[in-house]
Amino acid sequence: MSNNMTLVITAFGGPETLAPVFKDIPEPAAGEVLVKVEFAGVNPIDAKTRAGLGWAAQQNKDNLPWTPGYDMSGVVVAAGDGVEGFEAGQRVAGLVGFPLQAGAYSQYLTAGADTLSKVPENVTAQTAAALPVAGQTAWQALEKAGVKAGDKVLILAGAGGVGHVAIQLAKALGADVFASCSQSNVGFVQALGASAVDYTAGDIAGQVSGCDVLIDLVGGNVGIAALDALNENGRVVTIPTITAEAVKEAAGEKALQAEGMLVSPDKAQMDALLEMADSGRLMVTIGGKYPLEQGAQAHSVIESGHVRGKLLLEMPN
Ligand SMILES: NC(=O)c1ccc[n+]([C@@H]2O[C@H](COP(=O)([O-])OP(=O)(O)OC[C@H]3O[C@@H](n4cnc5c(N)ncnc54)[C@H](OP(=O)(O)O)[C@@H]3O)[C@@H](O)[C@H]2O)c1
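Conventions and cut-offs
- Residues numbered from 1 in each chain as written.
- Predicted model: local features only at pLDDT ≥ 70, side-chain atom pairs only at ≥ 80, totals over all residues.
- Heavy atoms only, no water.
- Salt bridge = Lys/Arg side-chain N within 4 Å of Asp/Glu carboxyl O.
- Helix = DSSP H or I, 4+ residues; strand = E, 2+ residues; numbered from the N terminus.
- Buried < 20%, exposed > 50% of the residue type's maximum accessible area, 1.4 Å probe, protein only.
- Pairing = 2+ DSSP bridges.
- Axes fitted to C-alpha atoms, helices over the stretch in contact; angles between N-to-C directions.
- Contact = heavy atoms within 4.5 Å.
- Parallel < 35°, antiparallel > 145°, perpendicular 65-115°, else oblique.
- Left-handed = near helix turned anticlockwise from the far one by under 90°.
- Nonpolar A, V, L, I, M, F, W, Y, C, P; charged D, E, K, R; others polar.
- Domains from an automatic or database assignment.
- Buried area = accessible area lost by both parts, 1.4 Å probe.
- Polar contact = N/O pair within 3.5 Å; in protein donor to acceptor, adjacent residues only side chain to side chain.

A. Layout of the pattern of salt bridges. Counted under the stated rule, the structure contains 9 salt bridges. Ionic pairing is found between D151 and R235, a salt bridge with its closest N-O pair at 3.1 Å. On the criterion of sequence distance, the pair formed by D151 in the loop between α4 (132–144) and β8 (152–155) and R235 in strand β12 (residues 230–238) is long-range, its members being 84 residues apart. Assigned by exposure class, D151 and R235 land together as buried. Among the ionic pairs, R281 bridges to E275, the shortest N-O distance being 2.6 Å. On the basis of relative accessibility, which here comes to 47%, the residue R281 falls in the partly exposed class.

B. Examining the pairing of strand β1 (residues 4–8) more closely. Most of β1 is tucked away, with 5 of its 5 residues classed as buried. Of the two faces of β1, the one carrying N4, T6 and V8 and the one carrying M5 and L7 are both buried.

C. Structural context of the sheet that holds β12. If you trace the 6 strands from one edge of the open sheet to the other, you get β10-β9-β8-β11-β12-β13, paired in parallel fashion. Taken across any chain shown, the strands that pair with only one partner, and hence form the sheet edges, are β10 (195–198) and β13 (257–260). For this sheet the average axis-to-axis angle between neighbouring strands, irrespective of direction, equals 20°. Of the pairings in the sheet, the one linking β12 to β13 comprises 4 bridges and is parallel in character. The partner of V236 across the bridge, within β13, is A258. The sheet strands contacting helix α8 (residues 244–253) are β11 (211–216), β12 and β13, and the helix crosses β13 at an angle near 170°.

D. Structural context of the packing of α4 against helix α5 (residues 161–172). Relative orientation of the contacting elements α4 and α5 amounts to 50°, with a least axis distance of 8 Å. Classified by the angle between their axes, α4 and α5 sit oblique to one another. Of the two possible hands of crossing, α4 and α5 adopt the one that is right-handed. Between α4 and α5, the residues in contact are A134, G135, T137, A138, W139 and L142 and G161, V162, V165, A166, L169 and A170, respectively. When its residues are assigned to classes, the contact of α4 with α5 shows 9 nonpolar, 3 polar and no charged.

E. Representation of the domain arrangement of the protein. For the protein, the domain assignment lists domain 1 (4–131 + 284–314) and domain 2 (134–260). One C-alpha centre belongs to domain 1, the other to domain 2; they are set 28 Å apart. Opposite the 15 residues of domain 1 that make contact, domain 2 presents 14 residues. Together, the buried faces of domain 1 and domain 2 total about 1000 Å²; carbon and sulfur atoms form 53% of this surface. Across the domain 1-domain 2 interface, the total number found is 0 salt bridges. In this structure, the connection of domain 1 to domain 2 is made through 6 residue pairs in polar contact (both at pLDDT 80 or more). Each residue belonging to the side of domain 1 that touches domain 2 can be placed in one class, and the counts come to 7 nonpolar, 5 polar and 3 charged.

Quick look at the structure:
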């Protein structure tokens, strides 16, 4: 029966290219589970790819129609052959279809059982759907930069999906955390444990200096200007892929170590993030929630670049 509402694009373009279609509910193959999705996370890469920008769009250009979405939480409906440990009703979450297939903007999907995490009791479906890409990107960026106790760490875009998790993980590692944001988010990033650097009040490097690590979640000229806030041994991880080469080149001219990164799905990290959320050591902020059929609005909002925390799509019941 075609009662699986799914958003698809049939061509790259603006948010309005996201259209609902009704597909069949898929059957789980061996090793897979069928999940009834409750929430899908919205990430900037979803909108960039929809618009035809970046590596995922290049790879998918002959593969349309395409359904965006890598973050999801939901409930197991059925398990395929050979699946152990997942039964109907189990709450699950995960980073699905990465990097090319995506597909979480959908009422039902199948995923490899070995890619899914069980959602602990105290974690809401919303929090679980917000964590896969943002949480694992934050985790892997801090790991790549080798952040350790006592490091002075500057995080650009501390109020965003990745940034607000990165602040908390860096604090948990014992770092001294500074986070850039607009004036309206100063209180928000301070409440997460960072010293706020208001980028509307002047240059970042005029407000903070001598940093050991820069976690660049803005990229381009903003990332390049923030290199001046580092000490001479400063390490840089620049996360927006489209401007990574430019930031790395500028860092090289200052004899600083800089690396780009692409998040890599890691179930053990997802389990650990969920456990932190379960025990109250990680707080996730949901900046907005839209019904699935209003995915175009959610994309317009994520493209504004000023979401606080995460945006979610809620599936119809
Ligand atoms: N390479 C990878 O694997 C990977 C993985 C995940 C994300 N990314 C990329 O990383 C970037 C961040 O992702 P995200 O999900 O955190 O994005 P996001 O949630 O959309 O970020 C929004 C935040 O950016 C802040 N912001 C905007 N302009 C700023 C500026 N000039 N200085 C400081 N903060 C600014 C906004 O705060 P204010 O409203 O206060 O300005 C807002 O809270 C995106 O480019 C994304 O595509 C890459």
